[in-house]
Structures are given as structure tokens and as C-alpha cells.
Amino acid sequence: MTQRPTMERPMASTDSGSAIAPTHRWLRLLWIVPAALVLFAGVVLAARGIRSLPEVQSFLAVYPGTTTLPDSAPVGIPAWLAWQHGLNAFFLFFIIRTGWQIRRTGRPTSFWKRTNTGLLRTKRPPTRIGLNVWLHLGWDTLWVLNGVLFYVLLFATGQWLRLVPVTWSIVPNAASAALQYASLDWPMENGWINYNALQTISYFLVVFVAAPLALLTGLRLSPSWTSRRMSALFPIRVARALHVAVMLFFVAFISVHVFLVFTTGALRNLNHMYAAQDGEGWHGFAIFAGALVVTIVVWAAARPRVVRAIAALTGTITDRPAPPPQPAP
């Protein structure tokens, strides 16, 4: 009887410590906000100082930040591209979230094994994977299916011509556009007709470099990769490092992209991206707001109990046994 309070006290302190630890981690990260503001102010001041130099002004006059398109390039953004953009953003948001959860949680406590019956029946027994990995792969699958349709429509409609650099002059023009953005004196642009040089290079890297690289490295990290010969050519450590680097690239791109969308003409940009219209109306903003609400709802609904229930529809859910209680000192 005398040992009962002694055994409960350490458990309570451990629970409270685990609850407080995330708060302490967030408090330690608060320094990032003022540091980012100082860095941002420094970049703007430096860019404006550089732009005041006569040589740089001459460079900006020769290379204003624009790019050329072939005569066959389409004008405007079709409705399918607006829908693809919204779906890609939605899927990518949750891919980044679940990928970060995998890195942060480490060893999973719940597992999923595919039901090996019906059309998906295989000769080899299915592999058991962590439930968090199952969720990540689920979002990956939706993103890849949407991406395949995106590539088909991109080349079928000629929209790819707007994303692929065609002259080397795009490099100095991209540097010019970057300097103009950094100085907060936005370069002249009309995304409905043509992207500026920096946008073209950025979108090219996202569509034709980062996205395929994310898929390739994700396949290498997935349980379906069983080839020993290919594993020797593509070590898992390299794949993991590249996968994380691609994730950080997407986070940086999305952050800058969203910032510029709302600071360089929000209504017109949102009309281009979500409503496939060129104008200053509120239609695109309304669609964007609706998509944001859906994202928040899905985020709130993605609780462990809901994820387990959905995963159980296609497989068996098991839990890792809890460690035995430690005896009191």
C-alpha cells in the first residue's frame, strides 16, 4: 500500500513533461520570426542599394526580366489548369505534413497490412507498414494520379511551351527579375499572357525536376522497392537525403509563391490560378477561400481514430505492444 503513491508520482511527472515539451520547443523557435524580419529588411535594403548603381541600372534596361514565347504558345489559363493547380496544392500540402510527421515520430506504434484478396491479390504476402507511412503513401498516390493527368493535358494543349525556357537570355532576365522582387519594386508581368523569366525557371524546376525527383526518391524509400541490384545503384541514404531536400524546396517555393501572390495583385492572381479568368473580380478569391476551408476541415478530421477507420477498409490494423511497466525504484 505504501508503494502505490510512489509509483504514480513519476508517471504523472512524465506525462506533464511530455505535454510541456512541445510548448518549450515552440518557444525556442520564436526567435525565427524576428530573425526572419531582420533578414528580410536586410535583403530589401541591399537590393535597393545595388539597383541604384549605374551599371546595374544599365543591366536592368537591357534585361528587364521578361522572356519570349514561341508563336504557337497558348494565351491564358484554361479551366483544367486552374483545377489541377488547386488539387496539386491540396495534395502537396498533406504530403509535406505526413512526411514531416514520419520524420518527427520515428518508429510507428500502429501498422497496416493490405488485405490480399480480390483484384489486388499478389503471390507474395503483403508488407506491413506503419500507419503514418500508409497515410503518406495514400496522399502520394492521389498526387501522382493527378500529376499524370496534368502532364497529359500540359502537352496535349501546348501549355508546356509557357514553362520551358527557349533562350539563354532567360538567365540574365531571371537575375534581373530576382533583383526587382528583392527590392520590392515588382517586375512588369502579366501571367495571363506570359510569365516573367524567374517565374518560368521556377515553374520549370517544380514541374519537370522537383516533382519527378520526389516521385523517384519516394519509390526508392517505399516498401515496394525490393531489387537488390537497383538498391546498390541507388543507396537508400542518398534517396532519403534527396527526398528531404525536395521537400524543403517545395516548402520554400510555396512560401515565396504565396507571399508574391498576395503582394503583387492578389485578386488578379487568384483569378488566374483558381477561376481561369483575367480580371480583378472576387471569383477566384471565393474559390480559393472555399479550398482553404476544405483544407482546414480535412486537417482537423485527420485524427488517428479517423485514419485507422479509413485504413481498416483496405487492410488490417495492428498495434505495437506497449512496453511493460518499469518497477518503482
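To start, this report covers the structure provided alongside it. Here the structure is a predicted model, which is why all the values come from computation and not from measurement.

Points about a positive patch on the surface
Taken together, Arg107, Lys113, Arg128 and Arg320 make up a surface patch of like positive charges. Considering the arrangement of structural elements, one finds Lys113 in strand E1 (residues 110-114). For Lys113, a relative accessible area of 37% corresponds to the partly exposed category.

Section: the packing of aromatic side chains
Here the structure, examined in full by the defined rule, presents 24 aromatic pairs. Where Phe59 meets Tyr63, the ring centres are 5.3 Å apart and the plane angle is 45°; that geometry is what we call tilted. On the basis of relative accessibility, which here comes to 30%, the residue Phe59 falls in the partly exposed class. Pairing Trp112 with Trp134 gives two aromatic rings, centres 6.1 Å apart and planes at 45°, and the pair type is tilted. Remark: Trp134 occurs in helix H5 (residues 131-156) and Trp112 occurs in strand E1; sequence separation between them is 22 residues. Here Trp112 falls in the buried class, since its relative accessible area comes to 10%. Judged by relative accessible area, Trp134 falls into the buried class, the value being 16%.

Things to note about the sheet that holds strand E2 (residues 129-130)
Taken in spatial order, the three strands line up as E2-E1-E3 in an open sheet, and their pairing is antiparallel. What marks the edges here is a single partner per strand, and that holds for E2 and strand E3 (315-319). As judged from the five bridges shared by E1 and E3, these two strands associate in the antiparallel manner. For Arg114, the partnering residue across the bridge sits in E3 and is Gly315. Sitting on the sheet, helix H12 (residues 304-311) is in contact with E1 and E3, with an inclination near 140° to E3.

The rules behind these values
Residues numbered from 1 in each chain as written. Predicted model: local features only at pLDDT ≥ 70, side-chain atom pairs only at ≥ 80, totals over all residues. Heavy atoms only, no water. Patch = residues over 30% accessible without salt bridge, like charges linked within 9 Å, V, L, I, M, F, W, Y side chains within 5 Å. Areas by Shrake-Rupley, 256 points an atom, 1.4 Å probe, with all protein chains shown as cover. Salt bridge = Lys/Arg side-chain N within 4 Å of Asp/Glu carboxyl O. Lys, Arg positive; Asp, Glu negative; His and termini not counted. Charge placed at Lys NZ, Arg CZ, Asp CG, Glu CD. Helix = DSSP H or I, 4+ residues; strand = E, 2+ residues; numbered from the N terminus. Buried < 20%, exposed > 50% of the residue type's maximum accessible area, 1.4 Å probe, protein only. Phe/Tyr/Trp six-rings, centres within 6.5 Å; stacked < 30°, edge-to-face > 60°. Pairing = 2+ DSSP bridges. Contact = heavy atoms within 4.5 Å. Axes fitted to C-alpha atoms, helices over the stretch in contact; angles between N-to-C directions.

The analysis is restricted to geometry; functional conclusions fall outside its scope.
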